[in-house]
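Observations on chain architecture
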Amino acid sequence: MTTAPDRAPSRATTTHVTLAILALATGGFTIGTTEFVTMGLLPEIAEGVGVSIPDAGHLISAYAVGVVVGAPVLAFLGARLPRRALLLALMGGYTVANALSAVAAGFGLLTLGRFVAGLPHGAYFGVASLVAAGLVEPARKGRAVATVMLGLSVANVVGVPAATWMGQHLGWRSAFLAVAVLGIVTALLVLAFVPSSPGDPHASGRRELSAFLSAQVWLTLLAGAIGFGGMFAVYTYIAPTITRTGGLDSSAVPVFLLAFGTGMVAGTWVAGHLADWSVFRSLLGSALGMGLVLLLFGAVAPAGWWSLPVAFLVPVLGSVLVVNLQLRLMDVAGDAQTLGAAMNHASLNVANALGAWLGGAVIAAGWGYRAPAVVGAALSLAGLLVLLGSALLHRRTAVRTFSATP
């Protein structure tokens, strides 16, 4: 008896999958916009709630702490829930938190709003990545997950500048209110286009926590927390680097920020194709490449505009690293898929804090604004060493398993 050949997906099915993934990416755009718009509106926010600009900077830290706390907790609690319903709940929480930020009367309530806004961040990206991967055949999983992450990158090119402009001209509260509206739009799109999928009925707290018993999970998280910190060591201090070291006018800063944003978009697109080729090789290549490019940026920083192409390459390689870290965690987490996928963004926010802190430390030590690039290169190469350790552990485990097979 012959079997009928597999049918290619119908146009309607393909269209529905595309719309579903774009709906998930809209959530990434929403989250990316509110995560970074605070940086562009710090002076306005500080004046609005009566604090200094350095104190207002704690709002960024509050959001990052929310991400680190929320990723494991919400993934743990929501593992058994239907995934579309969980996405809607997470985006609903995001909408409420940004609305709270928009109406906050004082700095304390605003800080609470930013912390609560960070809570759904990692869980949303983790669950959205799992849903996107499940909508396509395995050979296209990398591109599907990269498309979801692309929303975060596009936010840096479109959403953040637009929200910053709105906040400067209509008041900083309008920026958070606009993000709350985007959260509602995302929820409606998810409800309309993302197919309903059941949660994992076998999920349990013990099984989700089993992810933390895996050495490979810890090594992947460590690689992200250290290696991705290299990009933030440079990105955090890009403005004084190009003006004080590169000799450019402050009007050049938006151009370099645009280069970073477009580099993230380009890198996320490339990452999907590289992931479908090899996730682990892409991780190794991006970690090594980013270390070398950061060293190059430190070398050419005094050359002014000549450093712009190098600044573009930094987030390209950083985005390749981020997408493949997400896929790596989904692979090595075993049965704890929800928690494993969500923890990537907790790790990346640790990288954000680590890179910014170490970059600031070498500047404060008097080593100049080229020093963060050297620190960033060291962090990237340290992340590469962690990945190589992961590969060695995998090889030893495979050899033991083979030897034990009768």
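Given the structure is predicted, the values throughout are model-derived calculations rather than measurements. Per chain, residue numbering runs from 1 following the sequence as it is written. Residues qualify for local features only when their pLDDT is at least 70, as the model is predicted, and side-chain atom pairs are given and counted only at 80 or more; totals for whole chains, interfaces and linings, by contrast, use all residues. Excluded from the side-chain calculation are hydrogens and water; included are all heavy atoms of the structure.

**Points about the overall build of the protein chain**
Formally: Helix numbering and strand numbering both begin at the N terminus, where a helix is a DSSP run of H or I of at least 4 residues and a strand a DSSP run of E of at least 2. The reference for a compact globule is 2.2 Å times residues^0.38; the radius of gyration itself is calculated from the C-alpha atoms. Only protein chains enter the calculation, and the probe is 1.4 Å; a residue is then buried if its accessible area is under 20% of its type maximum, exposed if over 50%, and partly exposed in between. Contact criterion: two residues are considered in contact whenever any of their non-hydrogen atoms come within 4.5 Å of each other. Shrake-Rupley sampling with a 1.4 Å probe provides the accessible areas, and residues are treated as covered by the protein chains on show and by no other component.
Broken down by element type, the protein chain carries 17 helices and 0 strands. Since a compact globule built from 406 residues should have a radius of gyration of about 22 Å, the 21 Å found for the protein chain is in line with a globular shape. By the burial criterion, 51% of the 406 residues in the protein chain qualify as buried. Excluding contacts between residues fewer than 6 apart, the proportion of contacts in the protein chain whose partners are at least 24 apart in sequence is 84%. Carbon and sulfur atoms make up 70% of the accessible area of the protein chain, which amounts to about 17,600 Å² in all.

**Quick notes on the confidence of the model for the protein chain**
Heads up, the condition is: Scored between 0 and 100, pLDDT is the confidence that the predictor attaches to each residue.
In this model, the protein chain carries an average pLDDT of 85, and 90% of its residues clear a pLDDT of 70 or more. Per-element averaging of pLDDT across the protein chain places helix α9 (residues 205-209) at the bottom with 62 and helix α14 (residues 279-300) at the top with 96. Low pLDDT, under 50, characterises residues 1-12; the stretch is placed with 1 contact to residues that sit more than four places away or in other chains. Considering only residues more than four positions removed or in separate chains, one finds that residues 401-406, a stretch of pLDDT under 50, has 0 contacts.

**Side note on the nonpolar core**
Going by this rule: Side-chain atoms within 4.5 Å are what join buried Ala, Val, Leu, Ile, Met, Phe, Trp, Tyr and Cys residues into a set we call a nonpolar core.
Membership of the largest hydrophobic core comes to 84 residues, with the highest contact counts inside it found for Leu24, Leu87, Tyr124, Phe228, Met231 and Phe260. Counting residues in hydrophobic clusters, the runner-up holds 12 residues, among them Val37, Val49, Ala104 and Ala175.

**Considering the packing of helix α5 (residues 83-103) against helix α8 (residues 172-193)**
Each packed pair of helices is defined by two parameters, the angle between the axes and the distance between the axes. Basically, it comes down to this: Helix axes are fitted to C-alpha atoms over the stretch in contact, other axes to C-alpha atoms as well, and angles between N-to-C directions run from 0 to 180 degrees. Each angle receives one of four descriptions, namely roughly parallel if under 35 degrees, roughly antiparallel if over 145, roughly perpendicular if within 65 to 115, and oblique otherwise. The hand of a helix crossing depends on one turn: near helix anticlockwise from the far one by less than a right angle means left-handed, and clockwise means right-handed. Ten residue types, Ala, Val, Leu, Ile, Met, Phe, Trp, Tyr, Cys and Pro, are classed as nonpolar, four, Asp, Glu, Lys and Arg, as charged, and the remainder, Gly among them, as polar.
Running from N to C, α5 and α8 point in directions that differ by 165 degrees, and their axes come no closer than 8 Å. Judged by the angle between their axes, α5 and α8 are roughly antiparallel. The two elements α5 and α8 meet at a crossing, and its hand is left-handed. Contacts between α5 and α8 involve Arg84, Leu87, Leu88, Met91, Thr95, Asn98, Ala99, Ser101, Ala102 and Val103 from the first element and Trp172, Arg173, Phe176, Leu177, Val179, Ala180, Gly183, Ile184, Thr186, Ala187, Val190 and Leu191 from the second. Its residues assigned to classes, the contact of α5 with α8 shows 15 nonpolar, 5 polar and 2 charged.

**A few points about the pattern of salt bridges**
This is how it is decided: What counts as a salt bridge is simple: a side-chain nitrogen of Lys or Arg found within 4 Å of a carboxyl oxygen of Asp or Glu.
Applying the stated criterion across every chain yields a total of 2 salt bridges. The salt bridge involving Lys141 is made with Asp331; its shortest N-O contact spans 3.4 Å. Remark: Asp331 occurs in helix α15 (residues 308-332) and Lys141 occurs in helix α7 (residues 141-170); sequence separation between them is 190 residues. Classification of Asp331 by relative accessible area gives partly exposed; the value is 45%. Salt-bridge contacts for Arg143 lead to Asp276; the nearest nitrogen and oxygen are separated by 2.6 Å.

**Section: the packing of aromatic side chains**
Centre distance and the angle of the planes are the two values used to describe a pair of aromatic rings. Here is the rule we go by: Working definition: a ring pair exists when centres of Phe, Tyr or Trp rings (six-membered ring for Trp) sit within 6.5 Å. Plane angles under 30 degrees give stacked, over 60 give edge-to-face, the rest tilted.
Tallied over the entire structure, the rule returns 6 aromatic pairs. Centre to centre, the rings of Trp172 and Phe176 are 6.0 Å apart; their planes meet at 80 degrees, and the pair counts as edge-to-face. Residue Trp172 and its partner Phe176 are located together in helix α8, separated by 4 residues, close to a single helical turn. On the basis of an interplanar angle of 55 degrees and a centroid distance of 6.4 Å, the ring pair of Phe232 and Tyr235 is categorised as tilted. Taken together, the residues span about one helical turn, with Phe232 and Tyr235 both in helix α11 (residues 229-235) at a distance of 3 residues. According to the relative accessible area criterion, Tyr235 is buried, its value standing at 16%. Here the aromatic cluster, defined as three or more aromatic residues joined through ring pairs, consists of Phe228, Phe232, Tyr235 and Phe260.

**Observations regarding the environment of Phe36**
In this structure, Phe36 sits in helix α1 (residues 11-40). Judged by its relative accessible area of 9%, Phe36 falls in the buried class. Measuring from C-alpha to C-alpha, the distance between Phe36 and Phe125 comes to 16 Å, with 89 residues separating the pair along the chain. In this structure, Phe36 is in contact with Leu152, Asn156 and Val160, ignoring residues within four places of it in sequence.

**Side note on helix α16 (residues 337-364)**
As a reminder, the rule being used: Multiply 1.5 Å by the residue count of a helix minus one, and that product is the helix's expected span.
Over its 28 residues, α16 extends 42 Å from the first C-alpha to the last, a length consistent with the 40 Å expected when each residue adds 1.5 Å. Where α16 terminates, the next one or two residues include Gly366, which has phi positive at roughly 90 degrees.

**Let's talk about the environment of Gly389**
Take Gly389: it is sitting in helix α17 (residues 371-404). Between the C-alpha atoms of Gly389 and Gln216, which are 173 residues apart in sequence, the distance is 9.5 Å.

**Observations regarding α8**
Between its first and last C-alpha, α8 extends 32 Å over 22 residues, near the 32 Å set by a 1.5 Å rise per residue. What α8 keeps buried is the set Trp172, Ser174, Ala175, Phe176, Val179, Ala180, Gly183, Thr186, Ala187 and Val190.

**Concerning a nonpolar patch on the surface**
Operational definition: Residues qualify for a patch when their relative accessible area is over 30% and they have no salt bridge, like charges being joined within 9 Å and the nonpolar side chains of Val, Leu, Ile, Met, Phe, Trp and Tyr within 5 Å.
On the surface, a nonpolar cluster with roughly 410 Å² of combined accessible area is contributed by Val65, Val69, Val73, Phe76 and Leu77. Considering the arrangement of structural elements, one finds Val69 in helix α4 (residues 58-78). The exposure class of Val69 is partly exposed, given its relative accessible area of 36%.

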